[in-house]
Structures are given as structure tokens and as C-alpha cells.
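# Fold and geometry: a report
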Amino acid sequence: MSNPLILVRHSLPEIQKDRPAREWKLSPNGRLRAQLLSERISSFPVDIVFSSVEPKAVETAQIIAAACDVELHVVEGLQEHDRSNGPFLPRPEFVSSIQEFFR
């Protein structure tokens, strides 16, 4: 039997409107939620954890890798799409723009 592939999106970031999303770190609540998730994930046979280079993703992955006692590999190219040239949008507007994009 092979191990499952578990895909995890980064936990809740600390939103800093004056910085690009790719530079955001986890919020205190995001760190707590990542810790809670890591406790659930550690019950699976985890062999390795991969992360994008974004700080919020690395922090999330570090928490999970530590709980699972496995290596963490940070890899270029795993990040979300590049939104660096767009303005910060409040969540409802951001969700609406994403929905429009996929229409």
C-alpha cells in the first residue's frame, strides 16, 4: 500500500496591506491552526514535507515537519500565482475577482 499525498495550503497569514502577499508570515492564529493541523497529519505515515519559498508556507510546513519528525524541503516554483502587480483587495472583492477570472 502506498502513502497518500497530502496537500496543505498555508495557514492564516498576517495580512500586511503595504507588502505583497508573497512576503506575508503567519498570524498568531495561523500558527495555532497549523499546530492543530500538524497534530492530525502526524497520524499519517508522512515521509517528507515540501513547501514553496513564501514565508507563510514555510512556517506552516516547518510546524508540520516538526510534528511528523521529517525533513522539510523548500522548493522554488510551488507558490501560488504571481499577484505582485495587483492591488490589495478586501476578501469579498478578492473572491469576486477570482470567480470572474475563472469565468
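In what follows, the accompanying structure is described. (Residues numbered from 1 in each chain as written. Predicted model: local features only at pLDDT ≥ 70, side-chain atom pairs only at ≥ 80, totals over all residues. Heavy atoms only, no water.)

### Description of the packing of aromatic side chains
This model, assessed by the stated rule, comprises 1 aromatic pair. For the ring pair Phe101 and Phe102, a centre distance of 4.9 Å and an interplane angle of 85 degrees mean the geometry is edge-to-face. Overall, Phe102 belongs to the exposed group, its relative accessible area being 66%. (Phe/Tyr/Trp six-rings, centres within 6.5 Å; stacked < 30°, edge-to-face > 60°. Buried < 20%, exposed > 50% of the residue type's maximum accessible area, 1.4 Å probe, protein only.)

### Some words on unusual backbone geometry
With a phi close to 55 degrees, Asp69 is a non-glycine residue in the positive phi region. Along the chain, Asp69 turns up in the loop between helix 2 (55–68) and strand 2 (72–74). Its relative accessible area of 70% is what places Asp69 among the exposed residues. (Helix = DSSP H or I, 4+ residues; strand = E, 2+ residues; numbered from the N terminus.)

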